[in-house]
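Understanding the architecture of this molecule
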Amino acid sequence: MSALRVSPVEVTRQSAIFAVEEMRATHTWRTYLFGWLLRLILQTTFFSLAAGYFGTRVTKQYALVGNAIVLGCLESMIVVLMMAGERATGTLPLLATAPTSHVPIYLGRGLHWMASGMLSSTVALVVLPPLLGVPLPWPRAAVALPLIPLVCVTSYCYGCVLGAVGLRHMGIIWLLLNLGYLPIMAFCGVNVPVSFWPWPLRAIAEIMPVTHGLMAVRAVLAGSSAPAVLGDVGLEAAVGIGWLCLACFALSRIVRRGIAAGTLEFGN
Amino acid sequence: MRPLAEVGAGIRLQSALVARTPAQLLVLVTAPLFSVIFLSLAVHGGAASRVASAMIAPGLMSMWLISLDVAASVLSEDRYGGRLELFLSTPASLSLVVLGRILAVSVVGMLAFAESWLVARVAFGVTVPVHHPAMVVLALAVTVLASSFTATLLASAFVLSRSLHVYQNAMSYPIYILGGVVVPLSALPGWVDPLSKVVYLSWCAELLRNSFTATRVPEAGLDVAMALGLGVLALGIAVLLTRHILDMLRRNATAGLG
């Protein structure tokens, strides 16, 4: 059997190839730039304008930064739909008997959207502030850009947990996606500070993706010390690792239970 | 009476479908969360006088989302499911049946306004007074009709598209901005104004906002006339476009090639 075992590097390579091809099948560069990316940029614009209307220039910039970063979260979470799509093609029983685990295959199904999320967040954060009259403090703001991939990866891990739930309940994947990211937009410091909410919501926000990563971004923009920024970075990474462990457990459990119950071929 | 019967048939069909697949009413789940976002911005920003805008925005967004969602799915799914050929053999107006189907969902979608009002009251302790109840009812009715008329046009426009979900996705936030669903047009740059005038949602948003907040509703007649006028224009184009598309499908024998 050992000769048949596939290395994690090969699985990752195949996942990356698959991700690129799937993105090419979904979008042309025109539909991507003028359909998808423009829509996301306008989403950030919309919420920033709303924040400016209800508040001040400061709240407008606050919401702009939050909504630019949360684009990466939103796109990374499309893995929920991708995982459900993979199961709908009927590959899960085949993967269960393959010489590699199904877990990395499923975990890799939305990588292209995570990459797209990194691009969208970066473009929104660089392009929109001057256009909306709330420029960022460059060149210091450049230090915040490497934090975007961290937020995207953490959100992706969280999305994988929801995706695992979606594998068992295929009829509610859109509900899972929307109820997955909208609470993040509402309660995780995207539009108003986390401190605005009562303590139970604040406690939940602590273990959600985006919360600490966004705090790190805001700390960089505010010129905070490196230890303060790194503290938030560490917390965001810890949250991501926690969600990743949960995702691996949930995906393994689905196959174990599916084999035991003889329902591996069925999404529900 | 036949047009009404055709619209009625569409309403009955869609009601039965929604009862089996309530996922079409996903906006009723997401609207309260959008309410939370806008109301938190208003309360945190200390804009007590603008809470009404925060409250009506999720309702208006829901109406547009439902329109886009149903428009993108209704005819395309019929074509994919092989039902479009059956329509071609009936004397009924496909546009009016589609209008009925969209109306059925849009009317239920109005619950998003009630949800938003409840979120304001229960979660934020904010009561938005209704200064002109009759005007609010009229504004909601106009919004539902104009949304459904416009969605009927979109359904026709989407039916032949190979990238309809790209268009569907791309048409949400631009219309929210141009429609002034949160930020009134008066607070946006002047160059947005001419573009907004042709978006029915901008007239509906203005009418609804004034119905909640203004001591008297200025230019209510103009708002109603423009929203309905744009909607009726869209419906007229939808009827012509659908007729053209069906003729084309008949000529090319491609009705079933979804």
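Residues numbered from 1 in each chain as written. Chains lettered and ligands numbered in written order. Predicted model: local features only at pLDDT ≥ 70, side-chain atom pairs only at ≥ 80, totals over all residues.

Scanning chain A from terminus to terminus reveals 12 helices and zero strands. The order of α-helices and β-strands along chain A, N terminus first, is α-α-α-α-α-α-α-α-α-α-α-α. Taken over the C-alpha atoms alone, chain A extends approximately 60 × 45 × 35 Å along its principal axes. In chain A, buried positions account for 47% of the 268 residues. (Helix = DSSP H or I, 4+ residues; strand = E, 2+ residues; numbered from the N terminus. Buried ≥ 20, exposed ≤ 12 C-beta atoms within 10 Å, placed from the backbone.)

If you tally the helices and strands in chain B, you get 12 helices and zero strands. Going residue by residue from the N terminus, the α and β elements of chain B occur as α-α-α-α-α-α-α-α-α-α-α-α. Over its C-alpha trace chain B gives a radius of gyration of 19 Å, about what one expects of a compact globule, namely 18 Å for 258 residues. In chain B, which comprises 258 residues, the share counted as buried stands at 50%. Here the analysis covers contacts within chain B between residues at least 6 apart in sequence; of these, 82% occur between residues at least 24 apart. (Rg over C-alpha atoms; globule rule 2.2 N^0.38 Å. Contact = placed C-beta atoms within 7 Å.)

All names here are of chain B. The end-to-end C-alpha distance of helix α12 (residues 220-252) is 47 Å, a good match for the 48 Å that 33 residues give at a rise of 1.5 Å each. D223, M226, A227, L230, G231, A234, L235, A238, T242 and L249 are the residues of α12 that are buried. Turning to α12, the residues buried within the fold contact α5 (94-109), α7 (133-158) and α11 (200-213). Looking at the residues trailing α12, positive phi occurs at A253, about 55°. (Expected span 1.5 Å × (residues − 1).)

With that out of the way, let us pick up the interface of chain A and chain B. With 27 residues of chain A at the interface, the matching set in chain B holds 28 residues. Where the side of chain A that touches chain B is concerned, the elements lending two or more residues are α2 (29-54) and α9 (173-187) of chain A. The biggest single contributor to the side of chain A that touches chain B is α2(A), with 14 residues. For the side of chain A that touches chain B, the per-class residue count stands at 18 nonpolar, eight polar and one charged. (Nonpolar A, V, L, I, M, F, W, Y, C, P; charged D, E, K, R; others polar.)

So, on to helix α4 (residues 79-88) of chain A. Residue and element names in this part refer to chain A. Burial analysis of α4 places seven of its 10 residues in the buried class, the great majority of the element. Taken together, the buried positions of α4 are V79, V80, M82, M83, A84, E86 and R87. Residues of α4 that are buried sit in contact with α3 (57-76), α5 (92-96), α6 (102-107), α7 (111-131), α8 (147-168) and α9. G90 sits one or two residues past α4 and shows a positive phi near 85°.

Moving on, we come to the packing of α2(A) against helix α2 (residues 27-44) of chain B. Interhelical geometry of α2(A) versus α2(B) gives an angle of 35° and a closest axis separation of 8 Å. Note on packing geometry: the crossing formed by α2(A) with α2(B) is right-handed. Every residue of α2(B) that contacts α2(A) at A:A50, A:A51 and A:F54 is listed here: B:F38, B:L41 and B:A42. (Axes fitted to C-alpha atoms, helices over the stretch in contact; angles between N-to-C directions. Left-handed = near helix turned anticlockwise from the far one by under 90°.)

Let's shift gears to unusual backbone geometry. Residue and element names in this part refer to chain A. For the bond running from W138 to P139, omega is 0°, close enough to zero to count as cis. Phi at V210 takes a positive value of approximately 80°, unusual for a residue other than glycine. By the secondary structure assignment, V210 is in the loop between α10 (199-206) and α11 (211-221).

Next up on the list: the environment of B:I11. Residue and element names in this part refer to chain B. Inspection of the secondary structure assignment puts I11 in helix α1 (residues 2-20). Judged by C-beta crowding, with 19 C-beta atoms within 10 Å, I11 ranks as partly exposed. Here the alpha-carbon distance between I11 and V27, two residues 16 residues apart in the chain, equals 19 Å. In contact with I11, not counting residues within four places along its chain, are G100, L103 and A104.

Time to look at the confidence of the model for chain B. Residue and element names in this part refer to chain B. Of the residues in chain B, 96% reach a pLDDT of 70 or more, and the chain-wide mean stands at 86. α2 holds the highest mean pLDDT among the elements of chain B, 93, whereas helix α8 (residues 164-170) holds the lowest, 76. Predicted complex metrics record ipTM = 0.91 and pTM = 0.90. (pLDDT = per-residue confidence, 0-100.)

What follows concerns the packing of α8(A) against helix α12 (residues 226-261) of chain A. Residue and element names in this part refer to chain A. It is at 8 Å that the axes of α8 and α12 come closest, and there the two elements cross at 25°. Comparing the axis directions of α8 and α12 gives the class roughly parallel. With respect to the hand of their crossing, α8 and α12 are arranged in left-handed fashion. Each of L147, L150, V151, V153, T154, C157, Y158, C160, V161, A164, L167 and R168 in α8 lies in contact with α12, whose residues at this interface are V233, E236, A237, V239, G240, W243, L244, L246, A247, A250, L251 and I254. Of the residues assigned to the contact of α8 with α12, the class counts are 20 nonpolar, two polar and two charged. (Parallel < 35°, antiparallel > 145°, perpendicular 65-115°, else oblique.)

Residue and element names in this part refer to chain B. Its location among the elements puts E206 in helix α11. With 25 C-beta atoms counted inside 10 Å, the residue E206 sits in the buried group. Among all residues touching E206, those that are not within four sequence positions of it are G180 and D223.

Looking now at the confidence of the model for chain A. When the pLDDT values of chain A are averaged, the result is 89; 97% of them are 70 or greater. In the model of chain A, α5(A) stands out as the element of lowest mean pLDDT, 80, in contrast to α11(A), which has the highest, 96.

With that settled, the discussion passes to the environment of A:A203. Residue and element names in this part refer to chain A. The residue A203 is located in helix α10 in this model. Using a count of 10 C-beta atoms within 10 Å as the deciding quantity, one classes A203 as exposed. In this structure, the C-alpha to C-alpha distance between A203 and L71, residues 132 residues apart in sequence, is 23 Å.

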